[in-house]
Amino acid sequence: MKKLVFATNNEHKLTEVRAILKDTYQVLSLKDINCFDDIPETADNLEDNARQKAQYIYEHYHVDCFADDSGLEVEALNGTPGVYSARYAALEGTGEAHDSKANMNRLLRELKDKNNRKAQFRTIICLIQDGKEHLFEGIVEGTINPEERGSSGFGYDPIFMPKGYNQTFAELGEDVKNSISHRAKAVEKLAEFLKS
């Protein structure tokens, strides 16, 4: 089975992606290739962040790889937190980076007086295979729930309700989420490309 490095050590992401690519590729994590570097993620958009991470792995480890970047884009907040989703609270000093609870609290506070709760999760995947770069995008539309509901998933899952459902990602559970999520859609496009 061919190997492909996913530039992450996030177990949630690895599980999602391995489930989708299980029949075609053995997906390795950064840990699996002994990469413990602090990979730069300094771009101000999802596309360039994913590209930056994939290029770093390809240039330093000389392996076919892909990287993703995802963000929650809220219409009433002009598309923020977007690329800053994981460190949204840290930017205003109300939490550490990757503090999901603090990030959700900030977002709910900023939406408190707004009627428009439309939002979308967007994932960009950058694949570098044989030195060539390919981009794939996945989007899931929905709304921001006024309070947290559910216990599965991670990040903003307890407050994001995908369009067509009356439960949050955290209530729907991993199986349903993994079949409709932004990452799933981007990974499906990646899988189609890899199989073709």
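Reading the values: the criteria
- Throughout this document, residue positions are counted from 1 along each chain, in the order its sequence is written.
- It should be noted that, the model being predicted, local features are given only for residues of pLDDT at least 70 and side-chain atom pairs only at 80 or more, the latter also being counted only at that level, while totals for whole chains, interfaces and linings use all residues.
- Hydrogens are left out, water is left out, and the side-chain values use all remaining heavy atoms of the structure.
- Numbering of helices and strands runs from the N terminus; a helix is a DSSP stretch of H or I covering at least four residues, while a strand is a stretch of E covering at least two.
- Two things to know: the radius of gyration comes from C-alpha atoms, and the globule rule equals 2.2 Å times the number of residues to the power 0.38.
- Burial here depends on accessible area, computed with a 1.4 Å probe over protein chains only, as a share of the maximum for the residue type. Under 20% is buried, over 50% is exposed, and the range in between is partly exposed.
- In what follows, a contact means two residues having at least one pair of non-hydrogen atoms within 4.5 Å.
- Residue exposure ignores everything except the shown protein chains as possible cover, and the areas themselves are Shrake-Rupley values with a 1.4 Å probe.
- Fitted lines through C-alpha atoms serve as axes, helices being fitted only where they are in contact, and the angles separating the N-to-C directions of these axes extend from 0 to 180 degrees.
- Roughly parallel here means an angle under 35 degrees, roughly antiparallel means over 145, roughly perpendicular means 65 to 115, and every remaining angle is called oblique.
- By definition, any crossing whose near helix is turned counterclockwise from its far helix by less than a right angle is left-handed, and any crossing with a clockwise turn is right-handed.
- Three classes are used, and their members are as follows: Ala, Val, Leu, Ile, Met, Phe, Trp, Tyr, Cys and Pro are nonpolar, Asp, Glu, Lys and Arg are charged, and the others, Gly among them, are polar.
- Under the pairing criterion, centres of Phe, Tyr and Trp rings, with the six-membered ring standing for Trp, must be within 6.5 Å; the plane angle then separates stacked pairs below 30 degrees from edge-to-face pairs above 60, leaving the rest tilted.
- Placement of a charge over a ring requires the Lys NZ or Arg CZ to be within 6 Å of the ring centre, with the centre-to-atom vector within 35 degrees of the ring normal.
- Here a salt bridge means any side-chain nitrogen of Lys or Arg lying within 4 Å of a carboxyl oxygen belonging to Asp or Glu.
- Only when DSSP finds a minimum of two bridges between them are two strands counted as paired.
- Helix span, expected: 1.5 Å multiplied by one less than the number of residues in the helix.
- This arc is taken over the directions from the axis of the helix to the C-beta atoms.
- Each polar contact in these results corresponds to two N or O atoms within 3.5 Å; when the atoms are within protein, one needs to be able to donate a hydrogen and the other to accept it, and residues that are neighboring in sequence are counted only if both atoms are side-chain atoms.

Q: What should I look at first to understand the overall build of the protein in this one?
A: Each helix and strand counted, the protein has seven helices and seven strands in total. Relative to the compact-globule value of 16 Å for 196 residues, the protein shows a C-alpha radius of gyration of 17 Å, a close match. Considering only C-alpha atoms, the protein reaches an extent of 50 × 35 × 25 Å along its principal axes. Across the 196 residues that make up the protein, the buried fraction comes to 47%. Counting only contacts in the protein whose residues sit at least 6 apart along the sequence, the fraction spanning at least 24 positions is 50%. Of the roughly 9,700 Å² of accessible surface on the protein, a fraction of 46% belongs to carbon and sulfur atoms.

Q: Where do I start with the packing of helix H1 (residues 11–21) against helix H7 (residues 182–195) in this structure?
A: At a minimum axis separation of 10 Å, H1 and H7 run at an interaxial angle of 40°. Put simply, H1 runs oblique to H7. H1 and H7 meet at a crossing whose hand is right-handed. For the pair H1 and H7, the contacting residues are Lys13, Glu16, Val17, Ile20 and Leu21 in the first and Arg183, Ala184, Val187, Leu190, Ala191 and Leu194 in the second. Of the residues in the contact of H1 with H7, the class split is eight nonpolar, no polar and three charged.

Q: Help me out: how do you make sense of the packing of aromatic side chains in this one?
A: Aromatic ring pairs are reported here in terms of the distance separating the ring centres and the angle at which the planes meet. Under the defined criterion, the tally for this structure stands at five aromatic pairs. Their ring planes at 10° and their centres at 6.1 Å tell us that phenylalanine 121 and phenylalanine 169 sit as a pair that is stacked. Here phenylalanine 121, found in strand S5 (residues 118–129), pairs with phenylalanine 169, found in helix H5 (residues 169–172); they are 48 residues apart in sequence, far enough to count as distant. Here phenylalanine 121 and phenylalanine 169 have matching classes, each one buried. Members of the aromatic cluster, connected to one another through ring pairs, are Phe121, Phe160 and Phe169. Note that arginine 106 overlies the ring of tyrosine 88, its terminal NZ or CZ placed 3.9 Å from the centroid.

Q: Sorry, what's going on with the pattern of salt bridges here?
A: Between side chains of opposite charge, pairing is possible as soon as their charged atoms come close. Summed over all chains, the structure comprises 18 salt bridges. Across the salt bridge formed by arginine 106 and glutamate 110, the nearest N and O atoms sit 2.8 Å from each other. Residue arginine 106 and its partner glutamate 110 are located together in helix H4 (residues 100–111), separated by four residues, close to a single helical turn. Connected through salt bridges with shared partners, the residues Lys13, Glu16, Asp68, Asp157, Lys177 and Arg183 form a single ionic network.

Q: Please clarify how the pairing of strand S2 (residues 25–28) should be interpreted in this entry.
A: Bridge analysis of strand S1 (residues 2–6) against S2 gives four bridges, and the strand direction is parallel. Looking across to S2, one finds that valine 5 is bridged to leucine 28.

Q: Hey, could you run me through helix H2 (residues 46–61) in this one?
A: In an α-helix, one turn spans 3.6 residues; hence positions three or four apart end up facing the same way. For H2, which comprises 16 residues, the first-to-last C-alpha distance of 23 Å matches the rise-based estimate of 22 Å (1.5 Å per residue) to within 8%. Within the span of H2, buried status applies to Leu46, Asn49, Ala50, Lys53, Ala54, Tyr56 and Ile57. Seen end-on, H2 carries its buried residues on one side only, within an arc spanning 150°. Of the residues that open H2, the one with a side-chain oxygen 3.3 Å from the backbone nitrogen of glutamate 47 is asparagine 45. Backbone geometry just downstream of H2 places histidine 62 in the positive-phi region, at approximately 55°.

Q: Explanation requested: the side chain of threonine 168 in the structure shown.
A: Here threonine 168 lies in the loop between strand S7 (160–162) and H5. When its relative accessible area of 0% is taken as the criterion, threonine 168 is described as buried. A polar side-chain atom of threonine 168 sits 2.7 Å from the main-chain carbonyl oxygen of arginine 149.

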